[in-house]
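Take a look at the letters that make up each chain.
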Amino acid sequence: MTSLPLLIEASDLEPLLGNDELLIVDCSSADNYAKHHIPGAVHLPPAKLQCGIKPAPGKLPDLASLNTLFGDIGLSADKHLIAYDDEGGGWAGRLIWTLDVIGHNRYSYLNGGLPAWLNEGHPVSTDAPAVNSNAANLVINDTVIASLQEILDHLEDQNYAIWDARSAQEYSGEKCVAQRGGHIPGAVNLDWLELMDRDNNLRFKNLDALREQLLALGLSPDKTIATHCQTHHRSGLSYLLMKILGYPSIKAYDGSWGEWGNREDTPITTGSAP
């Protein structure tokens, strides 16, 4: 199989169905997977991509859990993974970030995910495929993980930017879903929903336009950029977009606002972006 692009369209994926080198992973809800999924796709319950432990449930699961998770879906070094979900790419992006964490760099994102696949009439299945489970022995690459301490250490660094992918109301502090509301000082706000084209089956909006939007916000590829939301679910999409746009130094703050906003000792700014 020839090399596949990071962003793949449904029409280009359909002819590849059944290829032994592909591992198609569905991060949709269990109900949607049972109702209809891409033939051959294995289901990965998206909650398993997070540790689930409060106050920062979005943090990376421990290594043993990751070994079990990826062993159970049959991931191996020779597989090219196709990630998709049913919500516009947040969970699929979280999966791709996790693949970067474990050093598996053969992957693509199905643009628009399940909505694009269904609405364009591509084949679906209700059968769960047999999975060749294996014993995974993963190693963590922490260069794509931004810790709370790293964020604190770079608050005054002009070459380090923070992309807050939550809603404007969460960013300003008007809506509070943690002990404290607001945002990390200096963080730039661009809601993950603004990256999706609702008139085109939740595909990414025009990539050139999105690139210009990021540049206008000061999110330029010459900087190290850490993205976050409440649990690093929505910010899976912002991470994925930067990958697609070729940004060379990107990270995810998996502790996200669940960690930052539930501490007493972290600096917080309230109010809308200037």
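Trainee: How should I be thinking about the overall build of the protein chain in this particular structure?
Mentor: Secondary structure summary: the protein chain contains 10 helices and 11 strands in total. In summary, the protein chain has a C-alpha radius of gyration of 18 Å against a globular reference of 19 Å for 274 residues, a match within 12%. A principal-axis box enclosing the C-alpha atoms of the protein chain has dimensions of 50 × 40 × 35 Å. By residue count, 52% of the 274 residues in the protein chain fall in the buried class. Across the protein chain, contacts joining residues at least 24 apart in sequence account for 76% of those joining residues at least 6 apart.

Trainee: Looking at this structure, I do not really get the pattern of salt bridges. What am I missing?
Mentor: Charged atoms that come close allow side chains of opposite charge to pair. Per the stated rule, a full pass over the model turns up 10 salt bridges. One salt bridge connects Glu194 with Lys205, and the closest N-O pair in it is separated by 3.7 Å. Separated by 11 residues along the polypeptide, Glu194 in the loop between β7 (188-189) and β8 (196-197) and Lys205 in the loop between β9 (203-204) and α8 (207-216) bring together distant segments of the chain.

Trainee: How should the nonpolar core be read in this particular structure?
Mentor: One finds Val25, Phe70, Leu81, Leu95, Trp163, Phe204 and Leu214 to be the most contacted residues of the largest nonpolar core, which totals 51 residues. Ranked by residue count, the leading element in this core is helix α4 (residues 90-102), at eight residues. Counting residues in hydrophobic clusters, the runner-up holds 14 residues, among them Leu13, Leu22, Ile24 and Tyr84.

Trainee: What am I meant to see in the packing of α4 against helix α9 (residues 235-244) here?
Mentor: Axis angle and axis distance: for two packed helices, these are the angle between their axes and the distance between the axes, and together they describe the pair. Across the interface, α4 lies against α9 with an axial gap of 7 Å and an inter-helix angle of 65°. For α4 against α9, the interelement crossing comes out left-handed. Where α4 abuts α9, its residues Gly90, Gly93, Arg94, Ile96, Trp97 and Asp100 lie against Gly236, Leu237, Tyr239, Leu240 and Lys243. Looking at the contact of α4 with α9 residue by residue, the classes come out as five nonpolar, three polar and three charged.

Trainee: Mind showing me how you'd approach α8 here?
Mentor: Given 3.6 residues per turn, any residue in an α-helix points the same way as the ones three and four places further on. For α8, the capping residue at the N-terminal end is Asn206, with a side-chain oxygen 3.0 Å from the backbone nitrogen of Asp208. Just beyond α8, the residue with positive phi is Gly218, at close to 85°.

Trainee: How do you make sense of the sheet that holds strand β2 (residues 22-26) when you look at a structure like this?
Mentor: By way of backbone hydrogen bonds, the strands of a sheet pair with one another, either parallel or antiparallel. Read across the open sheet, the five strands follow the order β1-β5-β4-β2-β3; overall the sheet is parallel. Of all strands in the sheet, those with a lone pairing partner are β1 (7-8) and β3 (42-43), marking the two edges. Bridge count between strand β4 (residues 80-84) and strand β5 (residues 107-110): three bridges; the pairing is parallel. Following the sheet pairing, Leu81 is matched in β5 by Tyr107.

Trainee: Help me out: how do you make sense of the packing of α8 against α9 in this one?
Mentor: Axis separation between α8 and α9 bottoms out at 11 Å; the angle between their running directions is 105°. Here α8 lies roughly perpendicular to α9, going by the angle between them. Judged by residue contacts, Leu207, Leu210 and Leu214 of α8 engage Leu241, Met242 and Ile244 from α9. Split into classes, the residues belonging to the contact of α8 with α9 amount to six nonpolar, no polar and no charged.

Trainee: Explain the packing of aromatic side chains to me, please; I cannot follow it from the model alone.
Mentor: Any aromatic ring pair is given by two values, namely how distant the centres are and how the planes are angled relative to each other. The full count for this structure, using the stated rule, is two aromatic pairs. Their ring planes at 75° and their centres at 6.0 Å tell us that Tyr109 and Phe204 sit as a pair that is edge-to-face. You can see Tyr109 sitting in strand β5 and its partner Phe204 sitting in strand β9, a full 95 residues away along the chain. You can call Tyr109 buried: its relative accessible area is 1%. Given a relative accessible area of 8%, Phe204 falls into the buried group. Between Tyr253 and Trp260 the ring centres are 6.2 Å apart and the planes differ by 85°, which places this aromatic pair in the edge-to-face class. The exposure class of Trp260 is buried, given its relative accessible area of 0%. A cation over an aromatic ring shows up here: Arg166 above the ring of Trp257, its NZ or CZ 4.5 Å from the ring centre.

Trainee: Can you walk me through the side chain of His36 in this structure?
Mentor: Structurally, His36 can be placed in the loop between α2 (30-35) and β3. Not counting chain neighbours up to four residues away, the residues in contact with His36 comprise Leu114, Leu118, Val124 and Ser125.

Trainee: I tried to follow the environment of Ala187 on my own but got confused; where do I start?
Mentor: Locating Ala187 in the fold gives a position in the loop between α7 (168-172) and β7. Since its relative accessible area comes to 5%, Ala187 is described here as buried. For Ala187 and Ala165, which are 22 residues apart along the polypeptide, the C-alpha to C-alpha distance reads 9.8 Å.

The rules behind these values
- Throughout, residues of each chain are indexed from 1 in the direction in which the sequence is written.
- Under the rules for a predicted model, residues below a pLDDT of 70 receive no local features and side-chain atom pairs below 80 are neither given nor counted, while totals for whole chains, interfaces and linings still include all residues.
- As a convention, hydrogens and water are excluded, and side-chain values are obtained from all of the structure's heavy atoms.
- The helix and strand labels rest on DSSP assignments: H or I over at least four residues marks a helix, E over at least two residues marks a strand, and numbering proceeds from the N terminus.
- Note that the radius of gyration is over C-alpha atoms, with the globule rule given as 2.2 Å times the number of residues to the power 0.38.
- Buried, partly exposed and exposed residues are distinguished by accessible area as a fraction of the type maximum, computed with a 1.4 Å probe on protein chains only: under 20%, between the cut-offs, and over 50%, respectively.
- Should any heavy atoms of two residues lie within 4.5 Å, those residues are counted as being in contact.
- A pairing counts as a salt bridge when a side-chain nitrogen of Lys or Arg comes within 4 Å of a carboxyl oxygen of Asp or Glu.
- Think of a nonpolar core as a cluster: buried Ala, Val, Leu, Ile, Met, Phe, Trp, Tyr and Cys residues, connected wherever their side-chain atoms sit within 4.5 Å.
- Each axis is a line fitted through C-alpha atoms, taken for helices only over the stretch in contact, and angles between the N-to-C directions span 0 to 180 degrees.
- Left-handed is the label given to a crossing in which the near helix is rotated counterclockwise from the far helix by less than a right angle, and right-handed is the label when the rotation is clockwise.
- Each residue is assigned to one class: nonpolar for Ala, Val, Leu, Ile, Met, Phe, Trp, Tyr, Cys and Pro, charged for Asp, Glu, Lys and Arg, and polar for all the others, Gly among them.
- For this analysis, a polar contact is any N or O atom pair within 3.5 Å, provided that within protein one partner can donate a hydrogen and the other can accept it, and provided that sequence-adjacent residues contribute only side-chain to side-chain pairs.
- Paired strands are those between which DSSP finds at least two bridges.
- If an angle is under 35 degrees, it is roughly parallel; if it is over 145, roughly antiparallel; if it lies from 65 to 115, roughly perpendicular; otherwise it is oblique.
- Centres within 6.5 Å make a pair out of two Phe, Tyr or Trp rings, where for Trp the six-membered ring is used; the pair is then stacked when the planes are under 30 degrees apart, edge-to-face when over 60, and tilted otherwise.
- The criterion for a charge sitting over a ring is simple: Lys NZ or Arg CZ within 6 Å of the ring centre, and within 35 degrees of the ring normal.

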